[in-house]
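Residues per chain, in single letters:
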Amino acid sequence: MAKPNGSAPPPREYPYVWVSDAKLQVEANYLIKGLIEPGSFTLIYGPSGSGKSFFTADIAQHIATGESWRGKKTRQAFVAYVAIEAGSSILRRFVGWRNETRGDATERIPLAILTSGPSLLSLLDVGALREQLARMQDEVKLQLGCTVFDTLSRSMPGGDENTAESMTAVISASDYLRDEFQTATAFVHHSGKDVDRGARGHSSLFAASDTVIRVDNHLATVDKVRDGIAGEQFPFSLQPIDLGQDSEGDSITTCLVSTEAMTRSAPKRDPKGLGKNQRPILDALRALVGDEGVKCPGTSVIPPGVLTASFDALCSRLVPKYPADKPWQVRKRVGEAMAGLE
């Protein structure tokens, strides 16, 4: 209830657009095209020792430099990496990458490592982080594009990742940073004992995520990507490098993410167990590739010269097979079947 002197704040009005006035946004807007967009929520999870932090650092480094990542376009932005679990010990990874890829170059790289971080359950802590990120953004003179929290569990001290209350607070903190900076947020997280059962914690975490990437045994798999198709894989290896010697003459080492000569073949499965949607969709895909297949120039998992077809073309071909479904329902049906086939 408003106070008599009228000191209560005015009611907040949320932005809206009449559908009749809405215009299609055709300008490409991405940090890594087809994977991470500004303002998105990304979850990168896997068991200990899977290489998930190295993989996440590799993504952060490519966004900060604007260099192509796995054949995907990137758009340069300031990246803040909150290494709340590893602390300053993580710096050797970034120093190793800097020395190997930048040599003696002296220009500032818009990638900052915060060796301590806030509790995302504390409004005061999140507000203080916001102020610091704003100052750093002004200093580097580049828009904050991505904020990484490594790890999620260490960013919510005293919270319970299995409860909706704690996880909702983390998601709200991410939304706050998004609204303030239009920054993407990425959370490095652990899986349970069985990595195939997904990330630890309450189901609201997966539901809130725009992109979910599972890392296991140095293989990253896209479990979920909004407005895209899951299943793309990014194999990598860790290449040891020597950084010099410490004060006692012992070697200082770290690893760099390497994608050279990394190929993974999926285990062959008997196609007899295909579901009622998978069989006709697989048959349609084979026919489409045979009729209209385009040679792929090569990606992280597809060799050059392999015939490919687009998801949109496959959905268009399947629309007549499902006359009772609307086009969006066909796309959903095809997407689910493709995920199962994968």
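Provided above is the structure to which this section pertains.
Throughout this description, residue numbers start from 1 for each chain and increase along the sequence as written. Where local features are concerned, this predicted model is filtered to residues with pLDDT of at least 70; where side-chain atom pairs are given and counted, the filter is 80 or more; whole-chain, interface and lining totals use all residues. Side-chain figures throughout are based on the complete set of non-hydrogen atoms in the structure, without hydrogens or water.

A. Summary view of the overall build of the protein. Per the secondary structure count, the protein includes eight helices and twelve strands. Across its three principal directions, the C-alpha atoms of the protein cover 75 × 60 × 40 Å. Exposure categories follow from relative accessible area, calculated using a 1.4 Å probe and restricted to protein chains: below 20% of the type maximum is buried, above 50% is exposed, and the middle band is partly exposed. Within the protein, the proportion of its 342 residues that are buried is 38%. If you take every contact in the protein between residues at least 6 apart in sequence, the share linking residues at least 24 apart comes to 63%. For the protein, the computed accessible surface area is about 19,900 Å², with 51% contributed by carbon and sulfur atoms. The averaged location of the 41 negative side-chain charges in the protein is 6 Å from the averaged location of its 39 positive side-chain charges. Each helix corresponds to a stretch of at least 4 residues labelled H or I by DSSP, and each strand to a stretch of at least 2 residues labelled E; elements are numbered beginning at the N terminus. Only heavy atoms enter the contact rule, under which two residues are in contact if any of them lie within 4.5 Å. Method for areas: the Shrake-Rupley scheme with a 1.4 Å probe, in which residue coverage is limited to the protein chains shown. The charge count includes Lys and Arg as positive and Asp and Glu as negative, but it does not include His or the ends of the chains. To locate a charge, take atom NZ for lysine, CZ for arginine, CG for aspartate or CD for glutamate.

B. Fine view of the nonpolar core. Phe55, Ile59, Ile63, Tyr81, Leu111, Cys146 and Ile213 are the most contacted members of the largest nonpolar core, which totals 34 residues. Of all the elements in the fold, those that place two or more residues in this core are helix H1 (52-65), strand E2 (78-82), helix H2 (91-102), strand E4 (144-150), strand E5 (184-190), strand E6 (211-216) and strand E7 (219-225). For this core, the element with the most residues is H1, which contributes six residues. Counting residues in each nonpolar core, the second largest holds 29 residues, with Phe41, Leu144, Phe181 and Phe187 among its members. Nonpolar cores are built from buried Ala, Val, Leu, Ile, Met, Phe, Trp, Tyr and Cys residues. Side-chain atoms within 4.5 Å join them into one set.

C. Structural detail: H2. In this model H2 runs 16 Å from its N-terminal to its C-terminal C-alpha over twelve residues, within 8% of the 16 Å that 1.5 Å per residue would give. Every buried residue of H2 is accounted for by Phe94, Gly96, Trp97 and Arg102. Where H2 terminates, the next one or two residues include Gly103, which has phi positive at roughly 60 degrees. Multiplying one less than the number of residues by 1.5 Å gives the expected span of a helix.

D. Representation of helix H6 (residues 278-292) in the model. Along its 15 residues, H6 runs 20 Å from first to last C-alpha, staying within 8% of the 21 Å computed at 1.5 Å per residue. Every buried residue of H6 is accounted for by Gln278, Ile281, Leu282, Ala284 and Leu288. Buried residues of H6 fall within an arc of 160 degrees about the axis and therefore sit on the same side. Exposed positions of H6 whose direction lies more than 90 degrees from the buried face are Arg286, Gly290 and Asp291. Tucked into the core, H6 has its buried residues touching helix H7 (311-318) and helix H8 (327-341). Directions pointing from the helix axis toward each C-beta atom define the arc.

E. Expanded view of the packing of aromatic side chains. The pairing test for Phe, Tyr and Trp rings, Trp by its six-membered ring, is centres within 6.5 Å, and the orientation test on the planes gives stacked under 30 degrees, edge-to-face over 60, and tilted for anything in between. The full count for this structure, using the stated rule, is seven aromatic pairs. Ring centres of Tyr16 and Trp18 lie 5.9 Å apart, and the angle between their planes is 80 degrees; this geometry places the pair in the edge-to-face category. On the basis of relative accessibility, which here comes to 57%, the residue Tyr16 falls in the exposed class. Here Tyr81 and Phe94 contribute two aromatic rings whose centre-to-centre distance is 5.3 Å and whose plane-to-plane angle is 65 degrees, an arrangement assigned as edge-to-face. Of the two residues, Tyr81 is situated in strand E2 and Phe94 in helix H2; the sequence distance between them amounts to 13 residues. As far as burial versus exposure is concerned, Tyr81 and Phe94 are alike and both buried. Feature note: the residues Phe55, Trp69, Phe234 and Phe236 constitute an aromatic cluster, connected by ring pairs. In this structure, Arg70 is placed above the aromatic ring of Trp69, and the distance from its NZ or CZ to the ring centre is 5.6 Å. Note on criteria: charge over ring means Lys NZ or Arg CZ within 6 Å of the ring centre, with the direction from the centre no more than 35 degrees off the ring normal.

F. Spatial organisation of the pattern of salt bridges. Each salt bridge in this description consists of a side-chain nitrogen of Lys or Arg and a carboxyl oxygen of Asp or Glu lying within 4 Å of one another. Using the criterion set out here, one finds 13 salt bridges in the structure. The salt bridge partner of Lys72 is Glu232, with a shortest N-O separation of 3.2 Å. Of this pair, Lys72 sits in the loop between H1 and E2 while Glu232 is found in the loop between E7 and strand E8 (233-235), placing the two residues 160 residues apart along the sequence. A relative accessible area of 14% places Lys72 in the buried class. As a salt-bridge pair, Asp210 and Arg226 come within 2.5 Å of each other at their nearest N and O atoms. Of this pair, Asp210 sits in the loop between helix H5 (204-208) and E6 while Arg226 sits in the loop between E7 and E8, placing them 16 residues apart in sequence. Through salt bridges that share partners, Arg130, Glu131 and Glu180 make up one connected network.

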